[in-house]
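Remarks on the overall topology
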Amino acid sequence: MTSLWLLGLNANTRVEERTLEWLLPAVACVFVFGSIPRQMKNFFASGLLFLAIGIYRLQQDVFPNHGGWPVFLLATGLALMVAAATTLR
């Protein structure tokens, strides 16, 4: 994921930049959700870090002045954590 991030920072064309901006959060989500069943905490943590980086870059470049969708993602994540915690009891 580091290589995707660095490639996105050094992209030559706008198409490359946009593709890598959208690819980084997608790959990070695969790392996060793929690491949960295997209990691979280091992949989970690095996936969350790069997901945050990808969401921040999308917010700055693709969706400027649209701050509602990161707040929606945060609220949805908190709701899913509460739902998972209540069903495990």
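I will try to describe carefully the structure that is included in this document. (Residues numbered from 1 in each chain as written. Predicted model: local features only at pLDDT ≥ 70, side-chain atom pairs only at ≥ 80, totals over all residues. Heavy atoms only, no water.)

1. What about the packing of helix H1 (residues 2-9) against helix H3 (residues 41-61)?
The interhelical angle for the contact between H1 and H3, taken along N-to-C directions, is 20°, at an axis separation of 11 Å. When the axis of H1 is compared with that of H3, the two are roughly parallel. Pair H1 / H3 crosses with left-handed handedness. Where H1 approaches H3, its residues Thr2, Trp5, Gly8 and Leu9 are matched on the opposing element by Phe50, Ile53 and Arg57. Considering only residue class, the contact of H1 with H3 consists of four nonpolar, two polar and one charged. (Axes fitted to C-alpha atoms, helices over the stretch in contact; angles between N-to-C directions. Helix = DSSP H or I, 4+ residues; strand = E, 2+ residues; numbered from the N terminus. Parallel < 35°, antiparallel > 145°, perpendicular 65-115°, else oblique. Left-handed = near helix turned anticlockwise from the far one by under 90°. Contact = heavy atoms within 4.5 Å. Nonpolar A, V, L, I, M, F, W, Y, C, P; charged D, E, K, R; others polar.)

2. Examining the pattern of salt bridges
Tallying each qualifying case throughout the model produces three salt bridges. Across the pair Arg18 and Glu21 runs a salt bridge, and its minimum N-O distance is 3.3 Å. Linking Arg18 with Glu21, this pair stays in helix H2 (residues 14-38), spanning three residues, or about one helical turn. A salt bridge links Arg57 to Glu21, with the shortest nitrogen-to-oxygen separation between them at 3.7 Å. (Salt bridge = Lys/Arg side-chain N within 4 Å of Asp/Glu carboxyl O.)

3. What about the environment of Gln59?
On the secondary structure map, Gln59 appears in helix H3. A relative accessible area of 14% means that Gln59 is categorised as buried. On a C-alpha basis, the gap between Gln59 and Arg18 in space is 12 Å, while along the polypeptide they are 41 residues apart. Discounting chain neighbours no more than four positions away, the residues touching Gln59 are Pro64, Asn65, His66, Gly67, Trp69 and Pro70. (Buried < 20%, exposed > 50% of the residue type's maximum accessible area, 1.4 Å probe, protein only.)

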